[in-house]
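# Understanding the architecture of this molecule
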Amino acid sequence: MIHLSKATKKKIAYFSLFLLLLLFWFSLPKPLFQNPYSTILLDQHGKLLQAQIAADGQWRFKEENQVPEKFAKAIICFEDKRFFYHPGIDPMALGRAIYLNIRHAKILSGGSTLSMQVIRLSRNKERTFFQKFIELFLTLRLEIGYSKQEILTMYANHAPFGGNVVGLQTAAWRYFGRSAEQLSWGEAASLAVLPNSPALVRPDRNRNLLLEKRNRLLDQMKEQGILDEQTCQLSKQEPIPDKPLPIPDHAHNLLASLQMGYLGKQNLQAKMNTTIDFNLQERVNDILENHHITLKSNGINNAAALVMDVETGNVKVYVGNVNHPEDPEIESYVDMVPAKRSPGSTLKPLLYAAMLQDGLILPKSLLADIPTQVAGYTPQNFDLHFDGAVAADKALARSLNIPAVRMLQKYRYERFYYLLRQLGIKNLNKGAGHYGLSLILGGGENSMWEISGVYASLARMLNHYGSNSGGYNPEDLHPPLVLAKEKQETEANLATDLNTHFLLNAGAVYNTFEAMQELVRPGEEQLWNQFYSSKRIAWKTGTSFGFRDGWAIGITPKNVVCVWVGNADGEGRPGLTGINTAAPIMFDIFKLLPATAWFPMPYDDMKYTPICHQSGNLPSANCLQIDTIWSVKTQSTAPMCYYHQMIHTDLKQRFRVSSDCESPSNMKHISWFVLPPAMEWYYKNHDPNYSTLPPWRADCEGSNLQNVMEMIYPKKSTQIYIPVELDGSTGKCVFEVAHRNKQVRIFWHLDEKYMGSTKEFHQLGLNPSIGKHTLVLVDENGERLEQTFEVIKK
């Protein structure tokens, strides 16, 4: 036997005590509870928007705030009256439990405190005598490491309330449809008695016993002075809920899209506060539901809406789809806000602004609206008509496709593609050449999320331009924000001189928004619609090819509203156009938003510009009627008017003459607005005030150097394909030419072979063989036009 000295025994005792203290201190795991939590989304004021069940199949909400007063008083009164006075173990309660259990020879009371129940809930082990001893040990450690309020919160978060309902907040929503903070005394008492035996007593099981226990607790609270007599009696009259209620689902697509990363990289947590305005969200949900009833009758199943606050970029409303999970055909689970869809014409304002900024056009510049073919690509206006010439701002307001394509051809689609990427449209994941000129007509795929973010950023920049003393803040350009307190970093690839330049400067954006705010206009669907509103809104609609997507986006200094309508599976429907389906929803949403003043004019980036009244370009010496407009400051690249020409006529202005056939003293020298033949051919049918050039006097024909004919189709060196008819015969291709004199006769020759003549309507159906051909046109005055083209195989 080993004999130890007293000093050694003392050291061993101290060391053992140290180990016990060390074991005691580190006995509690951190975090105490390892259970997964439900993921919940709250609005900007803490109201529940949406929740997702926890990974273990339980509804378990994480709540870090202090337990609501009513439930705290009710649960303490029912479970642990001396909770704030004992060290985790209540000797009086234990003694009472032992006495009652021995006296009645069965277990009537457990004597557990709320602190002891927290330990038991965290361990979830079989309760043997040894395990109960360990729980007492851990309870004391819990009391040392946590405050009473923290312990009460842990209990409220993890107490069972029947079925798969865990935690106070979960129970409040499942049984009463509101948060725990909004519970009445009767409701708080009902929940307080549930954790005692949740498997036996709950709203859908043993309801009478639950009612009896609830009322008994209310009487106890009255006896302790927590409730007065009247409150106690009124609380007893409150009904017990029948069955668990569904968890609120006011933004049913948002949570899934956040988790999938569709809205960009986000800091995801079990409980997330969003920027959503609950009341506005509900009202927009109602608007979409009302319109859905009508749209569904036309086989249009889906609609989505996004409302943003311009100043912060916060998303105030996020409706990813109509909510009809009971109907699988509607596919409500598909979130259309981040979905990649054809944007139709919604990118046209960005091209318009870019052209203004570069000085390639002025707001009123005339653009050609004539049959156009570029490398085999033939754009068409929605109504299949041509105006000949149209002002740039009107072309944008009316969403004409041909002027937009011709603008992009001039600006170059590679530059526009790069601009879109810089602005934040990242869904264009193929090279610029893949999209080509179709990019401006919805040939790419974009999302509501990205497009709304771009327009909100431009509006924000315009709002801040004056306060920034004519400078630009790079942080004004950022995607939408939907999680509260979310910080966005400036994109690393933005230009370094954004303090003096923006991707689209203030003047160009202001002119663009001015063009977009016209309330009465023919939309891209050529339907003359009038939207009466006291609010100034810059808005644009879009319709994708095949009537698959209807878009509407509206911008004010305070808000951006984006609406999409269509079918999630991509099915097109007749009448599915932006102006008919999405625009009415957008304007209904704007009715919910307060009216605001219009954007301040960015004077430092604009100048008072003289323009030709008819061409909209900078006036030349021949322009007689001059207007002035506010336009973006540009270099000397702004286009000059080249449509006005000085012509010479006889004194009666009936015929053109020249010095070869008339004395200058018998001439009148007149500035005449002259469009190219193809533009003139269509323009004069739309503008009755347009005057064609007077004809040459008979004795002056030799002086006619004016180009009088222009080929409309095919253009020079065009490749065309002529399809086979249903009966197997080769079809015909309709060739068309414009002539200044409608009454003149034109003679057609194909490969030196006479094919026929036309008068007034200069169209002729021809059936050329495969290969290269030369078409020669000669009018009755001897004017000649030669055009080459090629017919190709399929």
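Residues numbered from 1 in each chain as written. Predicted model: local features only at pLDDT ≥ 70, side-chain atom pairs only at ≥ 80, totals over all residues. Heavy atoms only, no water.

### A short note on a nonpolar patch on the surface
- The grouping of Tyr603, Tyr608 and Trp630 at the surface amounts to a nonpolar patch, some 360 Å² of accessible area in total.
- Mapped onto the fold, Tyr608 is located in strand S15 (residues 606-612). (Patch = residues over 30% accessible without salt bridge, like charges linked within 9 Å, V, L, I, M, F, W, Y side chains within 5 Å. Areas by Shrake-Rupley, 256 points an atom, 1.4 Å probe, with all protein chains shown as cover. Salt bridge = Lys/Arg side-chain N within 4 Å of Asp/Glu carboxyl O. Helix = DSSP H or I, 4+ residues; strand = E, 2+ residues; numbered from the N terminus.)

### Brief notes about the confidence of the model for the chain
- A residue-level look at the chain finds 88% of positions with pLDDT of 70 or above and a mean pLDDT of 85.
- The low-confidence segment residues 486-498 (pLDDT under 50) makes 16 contacts with residues lying over four places distant or belonging to another chain.
- A low-confidence stretch, residues 520-530 (pLDDT under 50), is modelled with 36 contacts involving residues beyond four sequence positions or located in other chains. (pLDDT = per-residue confidence, 0-100. Contact = heavy atoms within 4.5 Å.)

### Remarks on unusual backbone geometry
- Tyr713 connects to Pro714 through a cis peptide bond whose omega is 0°.
- Note on placement: Pro714 falls in the loop between strand S19 (709-713) and strand S20 (718-720).
- At Glu760, a position not held by glycine, the phi torsion is positive, near 70°.
- Tracing the chain through its elements places Glu760 in the loop between strand S23 (753-759) and strand S24 (763-766).

### Details of empty space enclosed by the protein
- Counted according to the given criterion, the structure contains three cavities of 30 Å³ or more.
- As a volume, the largest cavity reaches approximately 80 Å³.
- Around the largest cavity sit Lys348, Leu351, Tyr352, Ala392, Ala395, Leu396, Leu400, Pro403, Ala404 and Met407, which together line it.
- Where the lining of the largest cavity is concerned, the elements lending two or more residues are helix H13 (348-357), helix H14 (392-397) and helix H15 (401-411).
- Here the residues of the lining of the largest cavity are counted per class, giving nine nonpolar, no polar and one charged.
- A volume near 60 Å³ is recorded for the second largest cavity.
- In terms of lining residues, the second largest cavity is bounded by Glu63, Asn65, Val67, Pro68, Thr153, Ala156, Asn157, Leu168 and Gln169.
- Every element with two or more residues in the lining of the second largest cavity is listed here: helix H6 (148-158) and helix H7 (168-176).
- Top element by residues in the lining of the second largest cavity is H6. It accounts for three residues. (1 Å grid on protein atoms, 1.4 Å probe; cavity = no way out; pocket = protein on both sides within 12 Å on 5 of 7 lines; lining within 4 Å. Points joined across faces, edges and corners; volume = space filled by probe spheres on them. Nonpolar A, V, L, I, M, F, W, Y, C, P; charged D, E, K, R; others polar.)

### Looking at the packing of aromatic side chains
- Applying the stated criterion to the full structure yields 19 aromatic pairs.
- On the basis of an interplanar angle of 45° and a centroid distance of 5.3 Å, the ring pair of Tyr465 and Tyr472 is categorised as tilted. One exposure class covers both Tyr465 and Tyr472, and it is buried.
- Plain terms: the ring middles of Tyr608 and Trp630 are 5.1 Å apart, the flat faces sit at 45° to each other, and that makes the pair tilted. (Phe/Tyr/Trp six-rings, centres within 6.5 Å; stacked < 30°, edge-to-face > 60°. Buried < 20%, exposed > 50% of the residue type's maximum accessible area, 1.4 Å probe, protein only.)

### Details of the sheet that holds strand S26 (residues 784-791)
- Strand order in the open sheet formed by five strands is S20-S26-S25-S22-S23, and the pairing between neighbours is mixed. Where the open sheet ends on each side, the last strands, each with one partner, are S20 and S23. For this sheet, the mean angle separating the axes of adjacent strands, direction not counted, is 30°.
- In this sheet, S26 lies alongside S20 in parallel orientation, the contact comprising three bridges. In the sheet register, Thr718 faces S26, and the bridge partner there is Phe789. (Pairing = 2+ DSSP bridges. Axes fitted to C-alpha atoms, helices over the stretch in contact; angles between N-to-C directions.)

### Brief notes about the state of the cysteines
- One pass over the structure, following the stated rule, counts one disulfide.
- Not engaged in a disulfide, the cysteine Cys641 finds its nearest cysteine sulfur in Cys623; these two sulfurs lie 3.4 Å apart.
- Judged by relative accessible area, Cys641 falls into the buried class, the value being 4%. (Disulfide = S-S within 2.5 Å.)

### Side note on the environment of Thr153
- By the secondary structure assignment, Thr153 is in helix H6.
- On the basis of relative accessible area, Thr153 is assigned to the buried category, the value being 11%.
- When near neighbours in sequence (up to four residues on either side) are disregarded, Thr153 contacts Glu63, Asn65, Gln66 and Val67.

### A word on the environment of Gly771
- Here Gly771 shows up in strand S25 (residues 771-779).
- C-alpha separation for the pair Gly771 and Glu790, spaced 19 residues apart in sequence, amounts to 5.4 Å.
- When residues no more than four places from it in sequence are discounted, the contact partners of Gly771 are Phe789, Glu790 and Val791.

### Remarks on the packing of H7 against helix H8 (residues 185-192)
- Contact pair H7 / H8: the axes reach a minimum separation of 11 Å and the direction vectors enclose 115°. Where H7 crosses over H8, the handedness of that crossing is right-handed. Residues Leu168, Ala171, Ala172, Tyr175 and Phe176 of H7 form the contact with H8, whose participating residues are Glu187, Ser190 and Leu191.
- Among the residues making up the contact of H7 with H8, the classes are represented as six nonpolar, one polar and one charged. (Left-handed = near helix turned anticlockwise from the far one by under 90°.)

### Side note on the side chain of Asn559
- Relative to the helices and strands, Asn559 is located in strand S14 (residues 559-566).
- Given a relative accessible area of 3%, Asn559 falls into the buried group.
- Among the polar contacts listed, one links the side chain of Asn559 to the backbone oxygen of Met308, at a separation of 3.3 Å.
- Beyond its immediate chain neighbours, meaning those up to four positions away, Asn559 contacts Val307, Met308, Asp309, Val310, Lys316, Gly554 and Leu593. (Polar contact = N/O pair within 3.5 Å; in protein donor to acceptor, adjacent residues only side chain to side chain.)

### So, the sheet that holds strand S21 (residues 733-739)
- Spatial strand order, S19-S21-S24: three strands in an open sheet with antiparallel pairing. If you trace the sheet from one side to the other, it starts and ends with S19 and S24, each paired once. Neighbour to neighbour, the strand axes of the sheet diverge by 25° on average, direction disregarded.
- The strands touched by helix H21 (residues 677-686) are S19 and S21; relative to S21, the strand with the most contacts, the crossing angle is about 90°.

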